[in-house]
Amino acid sequence: MHKMKILLLEDEQAIAETIIYAFESDGFSVSHVNTCQAAEQRLRNEAFDFGIFDVGLPDGTGFDLCKEVRTFSQIPILFLTARAEEIDRVVGLEIGGDDYVTKPFSPRELVARVKAILRRTNMAPEQSTPPEATTGFTHNAQKCLFLFHGKNLELTKAEYQLLRALHSQPERVFNRDQLLTEISDDYGAAMDRVIDAHVKAIRAKLRNAGAPDLIETRRGLGYAYNPAVL
Ligand code: CA
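What you are looking at is a predicted structure, and each value in this text was computed from that prediction instead of being measured. Sequence positions are assigned chain by chain, starting from 1 and proceeding in written order. Residues qualify for local features only when their pLDDT is at least 70, as the model is predicted, and side-chain atom pairs are given and counted only at 80 or more; totals for whole chains, interfaces and linings, by contrast, use all residues. Computation of side-chain values covers all heavy atoms of the structure but excludes hydrogens and water.

Colleague: Just to check I follow, could you spell out the coordination of the calcium ion for this structure?
Modeller: Six octahedral donors around a metal ideally subtend angles of 90 or 180 degrees, whereas four tetrahedral donors ideally subtend 109.5 degrees. Distances define the donors: N, O and S atoms within 2.8 Å of the metal qualify, as do those within 3.2 Å of Na, K or Ca. Water is excluded, so some sites may look unfinished. Those protein atoms acting as donors to the calcium ion are Asp11 (OD), Asp54 (OD) and Gly56 (O), and they sit at 2.2 to 2.4 Å. Categorising residues by exposure relies on relative accessible area from a 1.4 Å probe, with only protein chains included: less than 20% of the type maximum marks a residue as buried, more than 50% marks it as exposed, and the intermediate range marks it as partly exposed. Given the relative accessible area of 34%, glycine 56 is considered partly exposed.

Colleague: Help me understand helix H7 (residues 157–168) in this model?
Modeller: Three or four residues apart is the spacing at which side chains of an α-helix point the same way, because the helix has 3.6 residues per turn. The end-to-end C-alpha separation of H7 is 16 Å, in line with the 16 Å expected for 12 residues at 1.5 Å each. In this description a helix means any DSSP run of H or I spanning at least four residues, a strand means any run of E spanning at least two, and both kinds are numbered starting from the N terminus. Within H7, burial applies to Ala158, Glu159, Tyr160, Gln161, Leu162, Leu163, Ala165, Leu166 and His167. One fewer than the residue count of a helix, multiplied by 1.5 Å, yields its expected span.

Colleague: Would you explain the sheet that holds strand E6 (residues 77–81) in this entry?
Modeller: Either a parallel or an antiparallel arrangement is found when strands of a sheet pair, and the pairing is made through backbone hydrogen bonds. At least two DSSP bridges between two strands are required for those strands to pair. Reading across the sheet, the five strands line up as E2-E1-E3-E6-E7 and stay open at both edges, with parallel pairing between neighbours. Since the sheet does not close on itself, it has two edges, and those belong to strand E2 (29–33) and strand E7 (99–102), each with one partner. Strand-to-strand, the axes of this sheet are offset by a mean angle of 20°, without reference to chain direction. Pairing of strand E1 (residues 5–9) with strand E3 (residues 50–54) involves four bridges; the strand directions are parallel. Bridge pairing in E3 places leucine 7 opposite glycine 51. The contact criterion used is simple: two residues touch if any of their non-hydrogen atoms lie within 4.5 Å. Axis definition: a line fitted to C-alpha atoms, limited for helices to the stretch in contact. Angles are taken between N-to-C directions and run from 0 to 180 degrees. Contacting E1, E2, E3 and E6, helix H1 (residues 13–25) crosses the sheet at an angle of about 165° to E2.

Colleague: Just to check I follow, could you spell out the pattern of salt bridges for this structure?
Modeller: Opposite charge on two side chains lets them pair, provided their charged atoms get close. The salt bridge criterion pairs a side-chain nitrogen of Lys or Arg with a carboxyl oxygen of Asp or Glu, the two atoms within 4 Å. Taken as a whole and assessed by the stated rule, the structure comprises 14 salt bridges. Here arginine 42 makes a salt bridge to glutamate 46, at a shortest N to O gap of 2.5 Å. Judged by relative accessible area, which is 27%, arginine 42 ranks as partly exposed. By relative accessible area, glutamate 46 is classed as partly exposed at 30%. In the salt-bridge network here, residues are joined through shared partners; they are Glu10, Glu12, Asp54 and Lys103.

Colleague: Could you clarify how one ought to interpret H1 in this entry?
Modeller: An ideal rise of 1.5 Å per residue puts 18 Å on 13 residues; H1 measures up with 18 Å between its terminal C-alpha atoms. Those residues of H1 lying buried are Ile15, Ala16, Ile19, Ile20, Ala22 and Phe23. Down the axis of H1, the buried side of the element spans an arc of 165°, and every buried residue falls inside it. In H1, those exposed residues whose orientation departs by more than 90 degrees from the buried face are Ala14, Tyr21 and Ser25. The directions considered for the arc are those from the helix axis to the C-beta atoms.

Colleague: What is the right way to look at the sheet that holds strand E9 (residues 145–148) in this model?
Modeller: If you walk across this open sheet you meet the three strands as E8-E9-E10, and the pairing is antiparallel. Both outer strands of the open sheet, strand E8 (137–140) and strand E10 (151–152), are each paired with one neighbouring strand and no more. Relative to E10, E9 runs antiparallel, the two being bridged by two bridges. Residue pairing in the sheet places leucine 147 in a bridge with asparagine 152 of E10. This element, H7, spans E8 and E9 of the sheet and lies at about 115° to E8.

Colleague: Got a minute to help me understand the confidence of the model for the protein in this structure?
Modeller: If pLDDT is low for a region, its predicted coordinates should not be looked at in detail. Per residue, pLDDT measures the predictor's confidence, with a range of 0 to 100. Scored by pLDDT, the protein has a mean of 83; 84% of the residues are at 70 or more. This model gives residues 186–190 a pLDDT under 50, and the stretch forms nine contacts once residues within four places in sequence are excluded.

Colleague: Where do I start with the packing of aromatic side chains in this structure?
Modeller: Pairs of aromatic rings are described using the distance from one ring centre to the other and the angle between the two planes. Note on ring pairs: Phe, Tyr and Trp rings are taken, using the six-membered ring of Trp, and paired if centres are within 6.5 Å. Classes follow the plane angle, with under 30 degrees stacked, over 60 edge-to-face and the rest tilted. Inspection of every chain in the model, using the stated rule, returns seven aromatic pairs. Where phenylalanine 137 meets phenylalanine 146, the ring centres are 5.6 Å apart and the plane angle is 20°; that geometry is what we call stacked. Residue phenylalanine 146 is classed as buried on the basis of its relative accessible area of 1%. Feature note: the residues Phe137, Phe146, Phe148, Tyr160 and Tyr225 constitute an aromatic cluster, connected by ring pairs.

Colleague: It is not clear to me how the packing of helix H2 (residues 36–45) against helix H3 (residues 62–69) should be interpreted in this structure. Could you clarify?
Modeller: Two quantities define a packed helix pair, namely the angle between the helix axes and the distance between the axes. As a packed pair, H2 and H3 sit with axes 10 Å apart at the nearest point and diverge in direction by 25°. For the element pair H2 / H3, the angle class is roughly parallel. Of the two possible hands of crossing, H2 and H3 adopt the one that is right-handed. Touching Cys36, Ala39, Glu40, Leu43 and Arg44 of H2 are Leu65, Glu68 and Val69, all from H3. Each residue receives one of three labels: charged for Asp, Glu, Lys and Arg, nonpolar for Ala, Val, Leu, Ile, Met, Phe, Trp, Tyr, Cys and Pro, and polar for the others, Gly being one of them. Taken together, the residues of the contact of H2 with H3 break down into five nonpolar, no polar and three charged. For classification purposes, angles smaller than 35 degrees are called roughly parallel, those larger than 145 roughly antiparallel, those between 65 and 115 roughly perpendicular, and all remaining angles oblique. Handedness of a crossing follows from how the near helix is turned relative to the far one, being left-handed for an anticlockwise turn of less than a right angle and right-handed for a clockwise one.

Here it is in structure tokens:
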């Protein structure tokens, strides 16, 4: 079985050791770094399943690192926040973090949280993606096409990239910043309206193909691919 790989960014050695011990006892593999720079380098060059980031670090904050990481990776990230940083928790989640734990915490609780997030993010797509043969909705990754009952939706590159991201993780809500990273090679500026316009265009093309509205708007949150309407 695949051993889950965690990248731990924590500059306090004692805390790091407790965390490493808890996760390794539970069958995880943990790589530990002390600085944002080292963490970014590892994340760019290796495949990890999960990131645990302390917030206050010698060369920056875990939040800034998360923002950077979200430009190239969607791995789940959990923050370790101190009480004084309480206000920043919300910020942490807004910039793409998945959860936070306030120090001091029990290592067992931390392991439980990480497992819950991994279940949510890893298992959900496999469980809820209905077989394409029964829904009529097909993704051809080689040809970069979406088809409904054999009919090509004829999406533009950005529309295709957006729909691909949503489709890859059914029911997961992507906020507009996360969706922007999917098409960021086409657009430098982070503008919600760009995403809204593309989603609108995808919907029109779905309609033209006779497909139901597969993209659900989650008010104030973003968009999600919803196979339940098929
Ligand atoms: Ca620290």
